[in-house]
Amino acid sequence: MSSHLRLARRVSQLIFLAGFLVLFAFAADPLASPIPVDLYLRADPLLALSAAVSLRKIVWPLVWYALPITVLSILLGRVFCGWICPMGTSIDLLERAFRLRGRRPAEGLRWHRLKFYVLIGMLVTMLIPAAHRANQELGLTQSVGLSAVYLMDPIALLTRTSTWVGLPVVQWAAGMTSDTVSGWSYSRFVERHRGLDRALGPVQIGLAAATRPAYFRLGLVALLMLGGIVALGRYQKRFWCRNLCPLGALLGFLGKLSPVRLAVSDKCNRCMRCVNECKVGAIEDDPKQYRGPECIGCYSCIAVCPQQAISLAVGYDPVARKDEFRLDRRRVLGAIGAGFAAVVIPKASLGAMRTNATENVLKLSSLRLIRPPGSLTETEFVTACVRCGECMKVCPTNTLQPAVGEGGFEALGTPVIVPRVGPCTQPCSLCGRVCPTRAIEPFTVEEKTHLYLGTASVDRSTCIAWAFGRECVICDEACSYDAISQDADERGRPRPVVDERICVGCGICEWVCPVEPLGAIRVNSSGDKRHLRREEQKLLRDRAEQERQEGSPYESDDRPADPGAG
Amino acid sequence: MDSNLTRREFLKRAAAAGVAATGLGGLAGLDGAVAEAASTPTIAVASKKDPAALVRAAVGALGGMGKFVKKGDVVFVKPNMGWARKFDQAATTNPGVVAEVVRLCRAAGAREVRVMDHAVDRPDSLLLRMNGIEEAVKKVGGRTSFASSSALYERVSLPRGKALSSVDVMRDLRRADVFINVPIAKVHNSTRLTLGIKNMLGIVWDRGAFHRSSSLDQAMVDLVARIRPHLTILDAVRILLTNGPKGPGRTEDRRIVVAGTDPVAVDAYGVSLFGMKAAQIGHIKLAAAAGLGEIDLKRIKVKDV
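Each chain has its residues counted from 1, running along the sequence as written. Both sets of labels track the order of writing: A upward for chains, 1 upward for ligands. Where totals are concerned, whole chains, interfaces and linings use all residues; where local detail is concerned, this predicted model gives features only for residues with pLDDT of at least 70, and gives and counts side-chain atom pairs only at 80 or more.

**Observations regarding helix α4 (residues 60-76) of chain A**
Residues and elements named next belong to chain A. Segments assigned H or I by DSSP are reported as helices when at least four residues long, segments assigned E as strands when at least two residues long, and all are numbered from the N terminus. Here the expected length of a helix is defined as 1.5 Å per residue gap, with one fewer gap than residues. Its 17 residues place the ends of α4 25 Å apart at the C-alpha level, agreeing with the 24 Å of an ideal helix rising 1.5 Å per residue. Buried within α4 are the following residues: Leu62, Tyr65, Ala66, Ile69, Leu72, Ser73 and Leu76. We call two residues in contact when the distance between their C-beta atoms, placed using the backbone, is within 7 Å. Buried positions along α4 lie against α2 (39-42), α3 (45-55), α5 (79-84), α12 (246-254) and β3 (260-264). Looking one or two places after α4, you find glycine 77, whose phi comes out positive at around 80°. Here a residue counts as buried when 20 or more other C-beta atoms fall within 10 Å of its C-beta, as exposed when 12 or fewer do, and as partly exposed in between; the C-beta atoms come from the backbone.

Structure (structure tokens):
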């Protein structure tokens, strides 16, 4: 029985890891998965807690999906960590692959309280008012936290790393194989793999795009973080899970209520194998005692016990299962301070804040802060976004990139549109359908005509038509929304002019502009209208359309009607 | 256009093409312009049928696809499928037209028919789903793909180019035996109209180089002077009258397909569909002046079918 339990746990781990990877693969056009591709993120109670506390509102889709793991943890303790968590499984596998054995089992509990301080720090970041927004329903201004949970939530971290690092590497490798190993025409290879993608149905890992591997700006940062987490296994097995993971801390806290515990019978001869084999050092010097909030339910102890003295039992026993946290008061205060600093210092750095608007506060550095369609106002967006990278994974043009400096430090890794990488292509609404926290709210392709992300403007000093008088209005050719019109020069040659009332800032003009490297037409965030509701934005668009048909009621005859003529 | 075409071989072929040219010049290909211009070009204009029948009639009037495609040939077909639009918006070539071209090639014994384009819009998969070409082509035994990587192109020098000195052309086209250009007739906000010659921009990697050059019109002429389609089949089943080339704009059903080996002649006829004169369209005028074909409709033999 005993080793069966361990086998079952390993099978469970592999199944849940496979499920994670399959859903990750499914997060691609045409998004045909019957199960939400962001299931693991939605099921994460820490993310639900973070959204509720920091946004001061309940995000119901997250709550419902987070319920099973919450209940599971209340019943059985941290079994999520041992049986389900794809991050834990990845660490297990990578520790095995790199033969990281954790040289200090004797110091098993040396750092274990750290994760509770991390969790406390995170809670502080959610709680303290970092910005304000107008609550349109309540008609008042309320505060919003700035959750730092994205930094260390294991599911967000793993999804993000898979997108920023895994995807480009797989695609790059596929492209290289075709180029060097085979003598076929490159395109034939691509085509074959499109066939493969089709054969696999909707499970596309993007091999069809293998000739143009995805690109993500912060890939190396994500890799170093994951690499660091795994490397810590050299010191202690599952160092991350036992000492750092805030989700593990939260579930450990919930597990205090669990009626299930490990029981050691009198057959125990204190051989200490369970102490040495415990993945998380939950058993200290006395095999008859273990720490409830530390145990991840891997049941290795049951499997390795030569006396078969360990079993599961129902009923609370405070002597066998020690549940107290024994947090150090000074360190708790330190964690609160650190959480405070984690909000204030990023916000106070890298670009001053505009303070005369309450809802869509952009920084002075945010000229190129172009958010995906459907995004919440900037204040809420930065709070709600957990940097999981699902939107970037699903984005078919790769235009969604992790923000580097656009939104300040507090927006690091959040999605921004980078038009020179690709356009936010008009007939696409995928990112709104995969965001687990609704930082990007679902939107339709039709709504994209009035979801104003930014505005394109022509740099007349480098534009081929404006500066050099040659034939080029490829921006106008490509514009999906008919927002670019032409202003003829004295010889009748067309020059592009943007109608800022129609332009939504999708960036296709910037993407196609032949002026290298930056393009002579560029989208900036000046047209960002997220502070308006969708119906208000639609009204603006409809009015602009109407003025186009009937002429503006505000223009007099003595002024040039064409904005480009002046 | 084998992969291993040597200069000597090329010269031989060009000479043979010159001698054999009948105005339908099946072997025209690279630099075939010289042979072409001398005689009166023939174009076929089919009207008032469904798209497939239009193609059949027009190609039939030129002597059938067997005249251009030999058994075992690899055929490169270049429709316009570079916009994220549905085909009924007339921004991309009618899938029925493209599929019939592919079917005729296969019936003539083509070993492989590759339908390719270099899209402006992204992503490729979505474009293919929207314009319906891939689905239609697959049914008749052709293959569709986009060449969205520079690795799929090879450098072709243009020693006689006036605006460009070299251009990167799709490798699949360079290695095909037959090149069939299948444009759709649309208005164009930069070149006024886009027909066969303008459609050729989709075989190059760096389209921007054309815009950056001293003249977009001349750059296109430089390209066609070097890479000349064996056959141009112009889709005017439904034409785009405003807000081209991408639309959405006003469309008009004309139910016409024009086919011919002289790209300038086909375009000249295409211009007339919009009530304009070919000499008004800069690149067509320049192409005629460069001796690439006949622009004067009076000197073109039009077979109405």
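**A word on the interface of chain B and chain A**
In this assembly, 28 residues from chain B lie in contact with 32 residues from chain A. Going through the elements one at a time, α5 (124-131), β4 (143-146), α7 (171-174), α9 (207-212) and α10 (216-226) of chain B are the ones with two or more residues in the side of chain B that touches chain A. Split by residue class, the side of chain B that touches chain A holds ten nonpolar, ten polar and eight charged. Just so you know the grouping, Ala, Val, Leu, Ile, Met, Phe, Trp, Tyr, Cys and Pro go in nonpolar, Asp, Glu, Lys and Arg go in charged, and all remaining residues, Gly too, go in polar.

**Side note on helix α12 (residues 282-289) of chain B**
An α-helix turns once every 3.6 residues. As a result, residues three or four positions apart point the same way. Within α12(B), the full set of buried residues consists of His283(B), Ile284(B), Leu286(B), Ala287(B) and Ala288(B). Buried residues in α12(B) make contact with α8 (196-199), α10 and α11 (263-272) of chain B.

**Some words on the packing of α10(B) against α12(B)**
Residues and elements named next belong to chain B. Between α10 and α12, whose axes approach to 8 Å, the crossing angle comes to 45°. Relative to α12, the element α10 lies oblique. The element α10 and its partner α12 pack so that their crossing is right-handed. Two secondary-structure elements touch here, α10 through Asp217, Gln218, Met220, Val221 and Val224 and α12 through Gly282, His283, Leu286 and Ala287. The residue makeup of the contact of α10 with α12, split by class, is five nonpolar, three polar and one charged. Note on definitions: angles span 0 to 180 degrees between N-to-C directions of axes, and those axes are lines fitted to C-alpha atoms, for helices only across the stretch in contact. For classification purposes, angles smaller than 35 degrees are called roughly parallel, those larger than 145 roughly antiparallel, those between 65 and 115 roughly perpendicular, and all remaining angles oblique. Throughout, a crossing is termed right-handed when the near helix is turned clockwise from the far one, and left-handed when it is turned anticlockwise from it by less than a right angle.

**Quick look at the environment of Lys393(A)**
Residue and element names in this part refer to chain A. Relative to the assigned elements, lysine 393 resides in helix α17 (residues 390-394). Using a count of 28 C-beta atoms within 10 Å as the deciding quantity, one classes lysine 393 as buried. Leaving out residues up to four positions away in the same chain, lysine 393 has contacts with Phe24, Ala27, Thr163 and Leu167.

**Notes on the environment of Arg273(A)**
All names here are of chain A. Along the chain, arginine 273 turns up in helix α13 (residues 273-277). Judged by the 16 C-beta atoms lying within 10 Å of it, arginine 273 is partly exposed. Along the backbone, arginine 273 and cysteine 435 are 162 residues apart, and their C-alpha atoms lie at a distance of 45 Å. Filtering out sequence-adjacent residues up to four positions away, arginine 273 remains in contact with Val304, Cys305 and Pro306.

**Points about the confidence of the model for chain B**
Residue and element names in this part refer to chain B. As a per-residue measure, pLDDT reflects the predictor's confidence and takes values from 0 up to 100. On average, chain B scores 89 in pLDDT, and the residues at 70 or more come to 87%. The low-confidence segment residues 19-38 (pLDDT under 50) makes 53 contacts with residues lying over four places distant or belonging to another chain. Interface predicted TM-score (ipTM) for the complex: 0.82; the corresponding pTM is 0.87.

**Some remarks on the packing of helix α7 (residues 114-127) of chain A against helix α15 (residues 329-347) of chain A**
Residues and elements named next belong to chain A. Interhelical geometry of α7 versus α15 gives an angle of 45° and a closest axis separation of 8 Å. Compared by their axis directions, α7 and α15 come out oblique. In terms of crossing hand, the pair formed by α7 and α15 is right-handed. For the pair formed by α7 and α15, the contact residues are Tyr117, Ile120, Gly121, Met122, Val124 and Thr125 on the first element and Arg331, Val332, Ala335, Ile336, Ala338, Gly339, Phe340, Ala342 and Val343 on the second. For the contact of α7 with α15, the residue count by class is eleven nonpolar, three polar and one charged.

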